[in-house]
Each structure stands twice: as structure tokens, then as C-alpha cells.
Amino acid sequence: MSVPATTITFQFSDGQPAQTHVAAAGESVLDVALNNGIQLQHNCGGVCGCSTCHIYVNTGGDDLPEISDKEEDFIDRAENPRINSRLACQCVVDKDMQLVVTIPPQHFLGH
């Protein structure tokens, strides 16, 4: 019998194949991305101080912590924000969640 786990499927707007990784309760989407070698900008170090870890949450967003006013302010400054935009550092998972997220273009990497 398998034990349900939290998984995050990362989709990439640049055409890379999707990757699915297991996440521990209390980890953020940013943590899981970085722990698995997925490049996701995080200029502020993951403390909700910028908008560089902007992602789109396609599935499972209702299970995430509610968006804060501070996070919403930074998303407003992100490139191409959408109704399902979140900051990966603020998307902290719990157990038994299945998330699907898209990492938008990060053409500002290295600039």
C-alpha cells in the first residue's frame, strides 16, 4: 500500500519536459525547485521581498495558504501576472497535496 505524498509538477514555459518531485510538509515550492536543480529566480532569498520567484499555479492552488497583501503587491510588479499567479516562496505545502505549477519565462536570469 502506498502512502499518499505531496507532489509538485513543474511545467516550463520554455518547452522543457515537466518534472514531478515529492515535497515535505512545510517546504515551499521554491525550496522544492531549488532542491531538485530547477532554476527559479529568488533575488530576495525567499522572504517575500521581490517578485522574481513568480509562478502560475495551475492545479492545487486552493490547498495553498491564502495569498497575503504583501505577496499580492509583489505579484502586481511581476511580469505578466495572472489570476493564478503566486510567489513560489509563499506557496508552502502541507501533506497529501498535488500541485501543478508553471514557471514563466525567466529571461532576466543573469542580468
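Residues numbered from 1 in each chain as written. Predicted model: local features only at pLDDT ≥ 70, side-chain atom pairs only at ≥ 80, totals over all residues. Heavy atoms only, no water.

Caption draft 1: Representation of the nonpolar core. With 26 residues, the main nonpolar core has Ile 8, Phe 10, Val 29, Leu 40 and Ile 55 as its most contacted residues. Within the residue set of this core, elements represented by two or more residues are strand S1 (6–12), helix H1 (29–35), strand S3 (54–59), helix H2 (69–77) and strand S5 (98–103). Per-element tally for this core: the top contributor is H1, with four residues. Among all residues touching Ile 55, those that are not within four sequence positions of it are Val 29, Leu 40, Asn 84, Ser 85, Arg 86, Ala 88, Cys 91, Val 101, Thr 102, Ile 103 and Pro 104. (Core = buried A, V, L, I, M, F, W, Y, C linked by side-chain atoms within 4.5 Å. Buried < 20%, exposed > 50% of the residue type's maximum accessible area, 1.4 Å probe, protein only. Helix = DSSP H or I, 4+ residues; strand = E, 2+ residues; numbered from the N terminus. Contact = heavy atoms within 4.5 Å.)

Caption draft 2: Looking closely at the side chain of His 54. Counting through the fold element by element, His 54 comes out in strand S3. Owing to a relative accessible area of 6%, His 54 belongs among the buried residues under this scheme. Excluding anything up to four places from it in sequence, His 54 contacts Leu 40, Ala 78, Glu 79, Asn 80, Pro 81, Ser 85, Arg 86, Leu 87 and Pro 104.

Caption draft 3: Region of interest: H2. Among the residues of H2, Glu 71, Phe 74 and Ile 75 are the ones counted as buried. Down the axis of H2, the buried set is contained in an arc of 105°. They therefore lie on one face. Of the exposed residues in H2, the ones pointing more than 90 degrees away from its buried face are Asp 69, Asp 76 and Arg 77. The inward-facing, buried residues of H2 abut strand S4 (85–87). (Arc of directions from axis to C-beta.)

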